[in-house]
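Examining the three-dimensional arrangement
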Amino acid sequence: MSLVKDATGQSGQGTPVRKSGRSPVLPTASRVATDAAEATEVSPAPRAKVWPLALATLVVVGLLATSLFVGAYDVTNGELGAEMMWITRVPRTVALLLAGAAMAASGVVMQMLTQNRFVDATTSGTTEWASLGLLLTAIFAPAIGLAGRMAVSSAFAFVGAMTFMVILRRVVIRTTLVVPLIGIMLGAVVSAVTTFLAVQTNLLQMLGTWFMGSFTSVVRGRYEVLWVVAIVTLLVFLLADRITVAGLGKEVATSVGMRYETILIAGTALVAVAAGVTTVVVGFLPFLGLVVPNAVAMIRGDNVRSNLPWVCLGGVALVTVCDLIGRTVRAPFEVPVSMVLGLVGCVVFIAILMRSRYRG
Amino acid sequence: MVSITRLSPEGVLPDELEPEAPRWRQFLPLIIVFGVAVALAISVLVYGNPAPAGSDGFWIIVGTRLTALATIVLVAVCQSVATVLFHTASSNRILTPSILGFDALYVLTQTSLVFVFGSAAAGMEGIPKIIAQSGIMVVFATLLYGWLFSGKRANLHLLLLVGVVLGMGFGSISTFMQRLLTPSEFDILSAKLFGSIGNGNVDYLPYAAAITLLIVAYVWRKRKIYDVVALGHDVSVGLGVHYKREIVTILVLVAVLISVSVTMVGPMTFYGFLVATLAYQFARNDSHSETLPLAIGIGLVTLLGATFVLKHIFSAGGLITVIIEFVGGVLFLIVLLRKGLR
């Protein structure tokens, strides 16, 4: 917490450093957004800020409550209904909450660490690595159990995220747009390997079912491990300031007395655990970590710490809405949430890209 | 003049042709590439045939394999020509139609047709339907990609990123709609969309071949014009080429070629990129009379070689596209990183 104060305190002498570290990261869009949000952002009435957040929380709670009561089985119906509620609806809703918040928060972390607002688990290939890990456990250690799968999957996600960052460092001039491209292509290459292995071992269909992000299979006894990502989200909150400083670049971070590498690795590990665990339990949630933080930054500016609750709420809201759409659009059946999310995410992502295009 | 026939491998007579030797030598890469392609084609047809050579069974198996071979050849030609043309239209060599989601767009068009018109559309057959479908695809692709390329501030990386994400989005929408189809509609659709080299759509083969041949002939006639188009808008207009019309024509041709290729074997993202990049490496200059034949030849060698090796050596025939995706993807990354470094 004091770290950021140090950074701001030093920025008096070190303004050019800070500027040069920060400005290429942020397109003008965000600065304009900051200006717009200045009235609420800068005005020093901390109590006034609580209300919008409380309201948003209420909306999200409403969405989650809706999620509890939407589905093929009528849970308001007597004793069996109550039973079903606890078997499927509650776990599902909790899973939506956990996965949504964690993926959105880890999107913020990735964006800070790579200094690029177009990066998340989807556009850095991290999820593809996680699913490669998942497949390898299925091939070589089928009896490893859920915890083992998650560990391996997270380890692979970590390797993937680190590979991505190492490649980024090797690219001397990285334009904002080439970074997500490299990530997507890296993901494509990794997923070609995964497909190859899956075909060889007759696991392609199984892989498809796993990888297709969906909360359908989330029932009591199968989701509890997802609470791990609650810890991840919590840690992101605790480390928020450090990650923000790390996002200013190695020079600035080191000069304010931070162990840059440690934070970098810690942040990447958090993202990897979130991606790994979510992939094992739920599957692929495309663009979630990309769309939500960007939307929040557009509205509220770039104060990571005060944005984080909003990002988490936004993540939960988006996943829940997409899941509700998936559940209702073809009522007795379900459309996996990843498809709805992919569709929505793609449209929003391109809108963000185009916005930056017309702003030059 | 040395006629091409005399240059065929068995008829090379270098001594007599001493003064004109450079003339045939300039065709050397092409001769080698196509020679290898022919050798591979024959190997694919004949190798590992369980029936004794010359017997009836032997020829029946060769006949079945001939269909697969024709599919491979068609796909190779379509993808290579489409990619080179696309590079010309976009004046750069990283973009390829597939990376920009062209074939995902095709899948989307097909899916939405079935989605909107039901199994009536899916069950319908014949040339009018093919023309109608390709028409929709072509119009859409021309509008979309015409718009993407026309931007004043069109930035290469933005274009690429938008294209890649669009491709992902098309994929999502298609899968989404496929989920909403009835099982019977879905069956008909998926039988259409995801052929593989093993079981190419035999019914389409003659039409596809005819269309491809026509397009290749047309492109070959226009190769000099395309050399100019590759120099960009201003130069083309200065030299009296109707730039906009040529670009639109190219996009239409690319759309048709890609739709042929996707119908035959399904989407292949990096294959065209792989082939074209290799072709530019071996070509002595950038003229289309040089790059087009080389690209076709390399496309044939790559796909036939992969087929042969995977099918007969690793007995993993279904994986050809996956392997090519992997190799092509790695190559793409390397090129991208290098361009980023500069």
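Residues numbered from 1 in each chain as written. Chains lettered and ligands numbered in written order. Predicted model: local features only at pLDDT ≥ 70, side-chain atom pairs only at ≥ 80, totals over all residues. Heavy atoms only, no water.

1. Some words on the pattern of salt bridges
In a structure, side chains of opposite charge can pair up when their charged atoms sit close to one another. All names here are of chain A. What counts is decided by this rule: Whenever a carboxyl oxygen of Asp or Glu lies within 4 Å of a side-chain nitrogen of Lys or Arg, that contact is scored as a salt bridge. Starting at the N terminus, helices and strands are each numbered in turn, a helix being any DSSP run of H or I of at least four residues and a strand any DSSP run of E of at least two. Accessible area is worked out with a 1.4 Å probe on protein chains only. A residue is then buried under 20% of its type maximum, exposed over 50%, and partly exposed in between.
This structure, assessed with the given rule, holds 4 salt bridges over all chains. One salt bridge connects Asp323 with Arg92, and the closest N-O pair in it is separated by 2.8 Å. With Asp323 in helix H14 (residues 304-328) and Arg92 in helix H5 (residues 78-113), this pair connects stretches of sequence that are 231 residues apart. The same class applies to Asp323 and to Arg92, which are both buried. Glu261 is the partner of Lys250 in a salt bridge, and the nearest nitrogen-oxygen pair spans 3.3 Å. Of this pair, Lys250 sits in helix H11 (residues 250-255) while Glu261 sits in helix H12 (residues 260-281), and the two are 11 residues apart along the sequence. Since its relative accessible area comes to 38%, Lys250 is described here as partly exposed. Each of Arg92, Asp323 and Arg327 takes part in one network of salt bridges that share partners.

2. What to know about the interface of chain A and chain B
This is how the line gets drawn: Whether two residues are in contact is decided by their heavy atoms: any pair within 4.5 Å suffices. Defined in terms of a 1.4 Å probe, buried area is the accessible area two parts forfeit on being brought together, summed over both. Counting of polar contacts relies on pairs of N or O atoms within 3.5 Å, with two restrictions inside protein: one atom must be capable of donating a hydrogen and the other of accepting it, and residues adjacent in sequence are counted only when both atoms are side-chain atoms. Three residue categories are used. Nonpolar comprises Ala, Val, Leu, Ile, Met, Phe, Trp, Tyr, Cys and Pro, charged comprises Asp, Glu, Lys and Arg, and polar comprises the others, including Gly.
Contact with chain A, which involves 43 residues of that partner, is made by 41 residues of chain B. The contact between chain A and chain B buries some 3600 Å² in all, and 83% of this surface belongs to carbon and sulfur atoms. Here chain A and chain B share 0 residue pairs in polar contact (both at pLDDT 80 or more) between them. If you tally residues by element for the side of chain A that touches chain B, the top one is helix H8 (residues 178-200) of chain A, at 15 residues. A per-class count over the side of chain A that touches chain B returns 32 nonpolar, 6 polar and 5 charged.

3. Describing a nonpolar patch on the surface
All names here are of chain A. Stated formally: The patches described consist of residues with a relative accessible area above 30% and no salt bridge, like charges being joined within 9 Å and nonpolar side chains (Val, Leu, Ile, Met, Phe, Trp, Tyr) within 5 Å. Using the Shrake-Rupley algorithm and a 1.4 Å probe, accessible areas are obtained, with residue cover drawn only from the displayed protein chains.
Taken together, the side chains of Ile231, Leu234, Leu235 and Leu238 present a nonpolar region at the surface, about 380 Å² in accessible area. Along the chain, the position of Leu235 falls in helix H10 (residues 227-246). Judged by relative accessible area, which is 35%, Leu235 ranks as partly exposed.

4. Here we look at helix H13 (residues 271-282) of chain B
Because an α-helix completes one turn every 3.6 residues, residues spaced three or four positions apart along the sequence face the same direction. This is how the line gets drawn: A helix is expected to span 1.5 Å multiplied by its residue count minus one.
For H13(B), which comprises 12 residues, the first-to-last C-alpha distance of 17 Å matches the rise-based estimate of 16 Å (1.5 Å per residue) to within 8%. Residues of H13(B) that are buried include every one of Tyr271(B), Gly272(B), Phe273(B), Leu274(B), Val275(B), Ala276(B), Thr277(B), Ala279(B) and Tyr280(B), and no others.

5. Comments concerning the packing of aromatic side chains
The test is simple: Aromatic pairing here means that ring centres of Phe, Tyr or Trp (its six-membered ring) are within 6.5 Å. Orientation follows from the plane angle: under 30 degrees is stacked, over 60 is edge-to-face, and everything else is tilted. When the NZ atom of lysine or the CZ atom of arginine is within 6 Å of a ring's centre and also within 35 degrees of its normal, the charge is said to sit over that ring.
A full pass over the atoms with the stated rule returns 5 aromatic pairs over all chains. Centre to centre, the rings of Phe86(B) and Phe102(B) are 5.6 Å apart; their planes meet at 80°, and the pair counts as edge-to-face. Pair noted here: Phe86(B) is in helix H3 (residues 56-90) and Phe102(B) is in helix H4 (residues 102-117), with a separation of 16 residues, a long-range link. Judged by its relative accessible area of 0%, Phe86(B) falls in the buried class. The exposure class of Phe102(B) is buried, given its relative accessible area of 0%. Note on Phe270(B) and Phe332(B): the rings are 5.7 Å apart at their centroids and 45° apart in plane angle, and the pair reads as tilted. You can see Phe270(B) sitting in the loop between helix H12 (243-265) and H13 and its partner Phe332(B) sitting in helix H15 (residues 320-341), a full 62 residues away along the chain. Take Phe270(B): its relative accessible area is 3%, and that puts it in the buried class. In textbook terms, an aromatic cluster arises when at least three aromatic residues are bridged by ring pairs, as seen for Phe118(A), Phe287(A) and Phe349(A). If you follow Arg223(B) out to its NZ or CZ, it ends over the ring of Trp220(B), 4.2 Å from the centre.

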